[in-house]
Every structure is written in C-alpha cells, then in structure tokens.
Amino acid sequence: MGKGSNVQKAQAARERNQKKLGKTDEERRAASAKAKLDSTAFMCKICRQTFMCNAKPSLLYLHVTSKHPDMVNGDLTACFDALAGFDPADPDGKKATAASASAAKSGSAKPKKGKKKGGDDGDLLSLLDAGLTIGGKKGKKKK
C-alpha cells in the first residue's frame, strides 16, 4: 500500500530538519583534519608557502626557481623534501621511465612466441572427419 499524504509530509519535514542540523561533531572533526593535511601537504621551508597535496615536483621546482633563484644550483631539498632526486631536465620523469623500460626489454633473453594464424590444415581435416562442420549456424533447427 502507498503512504498517506501525512506520512510523506512528515518524512519531508524530517529530511529538511536533518539538513538544517548540518554535520555531526565526528564528521566536522574528520573534515577539518583532512583540510589541515591537504592545506599543508607541501610547505616551502624558506618562505613557508603551502602547496596542495596534488602539486607535482615540476610545480615545486618552478617555485624554487622563481622565488628562490639562489637555491637553483644548490640543494633543492632546502625548500622541499619532495624534490630529492628531481631532475630539472626531465621534470615529468618520462626519460627515466623510458630508460628503465628499455633496460627491462634488453634484459629479457626469452623471445616472445607469436600467435599462430590460420591453424594447421591437418587438425581441421581431422575435425571434419569427426563430424563437425565449418561455419554451421547455431540454434536453428529444421523441422
């Protein structure tokens, strides 16, 4: 049976009141902790500027070159620990991954086997002798 109109009105009023109350204390604490971690994911040790957690090393390096040009030839980790091992000539790390992939290819001694195309005619003839047909339609029965 369907709900009466009073039941629907009461349910809608309950939902409205829940929206007005907002978040619980537990939800508020979790949201503030997440925001705190996200806001200070990367912080420059020199000027204390913060960057979001999804900032790439190339963006952090750009900050170092523009705001602290005296640090460019020196130690990049003086600004950000995440820049340890960063190569300015390869900001996205594509050259390093390509080099490791080519080293992995050259290191494998086993040649890969290709798929057989067409199959063996002897196998096909043995199947035909066993009573199978080539390209028969499935599911249709003649009466």
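To start, this report covers the structure provided alongside it.

What counts, and at which threshold
Residues numbered from 1 in each chain as written. Predicted model: local features only at pLDDT ≥ 70, side-chain atom pairs only at ≥ 80, totals over all residues. Heavy atoms only, no water. Disulfide = S-S within 2.5 Å. Buried < 20%, exposed > 50% of the residue type's maximum accessible area, 1.4 Å probe, protein only. Salt bridge = Lys/Arg side-chain N within 4 Å of Asp/Glu carboxyl O. Helix = DSSP H or I, 4+ residues; strand = E, 2+ residues; numbered from the N terminus.

**Things to note about the state of the cysteines**
1) Next: Applying the stated criterion across every chain yields a total of zero disulfides.
2) Next: Cysteine Cys 79 shares no disulfide, and the gap to the nearest cysteine sulfur, in Cys 44, comes to 4.0 Å.
3) Next: Taking the relative accessible area as the measure of exposure, Cys 79 reaches 0% and is therefore buried.

**A short note on the pattern of salt bridges**
1) Next: Counted according to the given criterion, the structure contains two salt bridges.
2) Next: Notably, a salt bridge pairs Asp 25 with Arg 28, separated by 2.7 Å at the nearest N-O pair. Taken together, the residues Asp 25 and Arg 28, both in helix α2 (residues 25-39) and three residues apart, mark about one turn of the helix.
3) Next: In this structure, Lys 45 engages Asp 81 in a salt bridge whose closest nitrogen and oxygen atoms are separated by 2.5 Å. Residue Lys 45 is found in the loop between β1 (42-43) and β2 (50-51), and its partner Asp 81 is found in the loop between α3 (57-67) and α4 (94-107); the two are separated by 36 residues along the sequence.
4) Next: When its relative accessible area of 42% is taken as the criterion, Lys 45 is described as partly exposed.

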